[in-house]
Each structure stands twice: as structure tokens, then as C-alpha cells.
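Inside the fold
If you want the building blocks of each chain, they are given just below.
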Amino acid sequence: MSRVFDVAVVGVSSLVGETLVTLLAERDFPLGRLHPLDTADEAGGRVEFKGSHLRVGDVARFDFSQVQLAFFCADTEISAAYVPQATAAGCVVIDDSGLFRMEPDVPLVVAEVNPEALAGWQARRIIANPNACTVLMLTALKPIYDAAGITRINVATYQAVSGAGRAGLEELGRQTADLLNMRGIETPVFSRQIAFNILPHIGAPEDNGYTREEMKMVWETRKILGDEAIGVNPTTVRVPVFYGHAMALHIETRDRITASRVRELLQNAPGVAIDEERPTPVTEAAGEDAVFVGRIRQDISHQNAVDMWLVGDNVRKGGALNCIQIAQVLVKDYM
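Below, the structure is looked at part by part. Computed from a prediction, not measured in an experiment: that's the story for all the values here.

**Some points on the overall build of the chain**
A tally of regular secondary structure across the chain gives 8 helices and 14 strands. Overall size of the chain, expressed as C-alpha extent along the three principal axes, is 60 × 55 × 40 Å. Across the 335 residues in the chain, those meeting the buried criterion constitute 53%. Surface accessibility of the chain: about 14,600 Å² in total, with carbon and sulfur atoms responsible for 48%.

Right, here's the structure in full:
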């Protein structure tokens, strides 16, 4: 009889937490008992799972020795408070909050890119899920990196409001309705109007003028690829889309590579779908597992460069699915 794992999902009421529970039901994960957990104000509700309705427990009252694996899908404050409790109880944590990503003894993993990093899971019993944009971007770029080397990535991201959680979705919906009905709007989540608008920054600014969201892509890319020399130049933009991040990428390679060769590589790459019909976040990516790549072309301004466009579901692939894929590799090869 194959081994099964009892699992907790902390932050089950978040967008990533909800999606993760849905994917656990859909995918072939060796699940025993599922414990949905959240903060006290969300506890007591019900989560549908495989035809049953499970009660949401209070994470503050949960005994993590009951489970072997915990997915943390809440904010950094919740992870800071309860991840140490979970690991001290013998649980392995896959954390989506961002709190542990850059700690040197915590593996930072994209399932299709560096699953071998999971070999270090026992150091802290924590595995970190990267920023959604990093997950989507590196899923597509890893085959190119392996084939020709990448010296520099110039990327502009166009990120959905779901990246800011449920409050972001609600603000876009509310502002859209108010503006269409000639009413004034409020902006409690985003710094400016997001409906029918584009915001040219995400996150607080760092001393170098880049935002924290942009620097995450720099730091995480280097850690995941194990390449401190790679140049990453990001600009992150918030757009009025509910689900699905998009990116315009200019990639400079060590060895010259043709656009046709890039297409060949990506056609066989796990987690990637080629769509030369100019894929969009809403029509192609939302609700799907793959990272969709299109507009692959030789860069006319640089001899060793190719350009492309990619889209992916930030909540599904960039969050919940990558967490589950990490767990699948972990329980199969390391636990």
C-alpha cells in the first residue's frame, strides 16, 4: 500500500489557498486527511472538498503534529507566527508567503526548473514558493538557459489585480461598476484608480529606484538558477485584469540562438504551451496550468537576443499549482 500524507492548508480562505484545495482534489496527490486552517476571524466556515464540507479550523489552536505536510498560503505575519511551530512539530512546510525565499538554507523551487534543490529540505523543513512572476518566467526560460546560456533578462510584467489578493479583485470590480454608473470611486487597495487604468509600479520602492516586487524577480531568479552573474532588469506594472499575469521579455544569450530553435525547445518543455496566436491572460491563461508563450522572434537590436511574450495564471500556476508540484516531487523522491 502506498504511503499517504495528512495535510494542512493554512490560509485556506485566500485565493491561493482556495485554488490549492481545488487542485488537491483534482490531482493525483497521496492525500490522507485534509485540515483546512485560517485565522480566528475566518475559522468556523466550511470548505468543499471531494463532495464533503470540511470545517475551517483556527490555526492558532491547531496541533501540527497531526500532519506531515503544511501549505502556508497566508501573509508573512501568519507564516512568521506558525511556520516555526509546524516545523518544530515535525511537519514539512511549503510556504507561499515570501518570508523565507531568500534564506540560504531554504530551497526556493520552481518544479520544472530546479527540483533538485529539494534535496536540502531537511535543513529547515521549509520549502519556499517563489513570486508568481518568477515562477511563470523561469518555467519558460529554463530550456533556453540550458541550451544557450542567458546573460541578461529585460522584462516588463503586466500583473493582474488578483496578485494583491481578494481585496484587489473586489476593488477592480467595485471601481468598474461605480465608473460605469457615473459614481465616484475609492482606492483603499491600490494607490490610484485601477479600473480602466495602468499603474506603473508594484510594491514599495527600494533605494535603487526599483520596487520590492521588481527586486524579488532579480534575487529569486539568481537563487533558483544558481547564477549570481545573470542580469535581470524588471519593470512591474499593475493592469485591470482579474486573473493572469503577462510579460514582455527580451533575453540576451551567451551563445546565439535562433527564434526557431527557441520554439523547438519550448514545444518540448514541461509546463509550457506555444501559442503563436498571441496568447492573452484572460482568454488563454486564466484557469489553466500551462505558461503560454507567443510572439517568439529574433531581436533586431541585438545579435544574441530573442524576444517573446508569455502569459500564465498567477494564482493557479504561479501559486497553488507550483506548491503542489513541489509537494509531489518531495513525497515521491525525498520523504
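Read on for the rest.
**Quick word on the pairing of strand E4 (residues 52–55)**
Where a strand is regular, its side chains alternate between the two sheet faces. Across 4 bridges, the pairing between strand E3 (residues 46–49) and E4 is antiparallel. Looking across to E4, one finds that valine 47 is bridged to leucine 54. From the end of E3 to the start of E4, which pair antiparallel, there are 2 residues, and lysine 50 there has a positive phi angle of about 50°.

**Regarding the environment of alanine 156**
Along the chain, alanine 156 turns up in strand E9 (residues 150–159). Each C-alpha atom of the pair alanine 156 and valine 56 lies 39 Å from the other, and the pair is 100 residues apart in sequence. Sequence-distant contacts of alanine 156, defined by excluding residues within four places in its chain, comprise Thr235, Ala246, Met247 and Ala248.

**Re the sheet that holds strand E11 (residues 245–253)**
Spatially, the 6 strands line up as an open sheet ordered E10-E9-E11-E14-E13-E12, and their pairing is mixed. Each edge of the open sheet carries a strand with a single partner, namely strand E10 (231–238) and strand E12 (272–274). Within this sheet the neighbouring strands show an average axis-to-axis angle of 20°, counted without direction. As paired strands, E9 and E10 are joined by 8 bridges and run parallel to one another. Of the residues in E10, the one forming a bridge with tyrosine 158 is valine 237. Helix H3 (residues 132–148) contacts E9, E11, E12, strand E13 (291–298) and strand E14 (305–312) of the sheet and is inclined by roughly 25° relative to E11. Against the sheet, helix H6 (residues 259–267) contacts E12, E13 and E14, and its axis sits at roughly 165° relative to E13.

Analysis parameters
- Residues numbered from 1 in each chain as written.
- Predicted model: local features only at pLDDT ≥ 70, side-chain atom pairs only at ≥ 80, totals over all residues.
- Heavy atoms only, no water.
- Helix = DSSP H or I, 4+ residues; strand = E, 2+ residues; numbered from the N terminus.
- Buried < 20%, exposed > 50% of the residue type's maximum accessible area, 1.4 Å probe, protein only.
- Areas by Shrake-Rupley, 256 points an atom, 1.4 Å probe, with all protein chains shown as cover.
- Pairing = 2+ DSSP bridges.
- Contact = heavy atoms within 4.5 Å.
- Axes fitted to C-alpha atoms, helices over the stretch in contact; angles between N-to-C directions.

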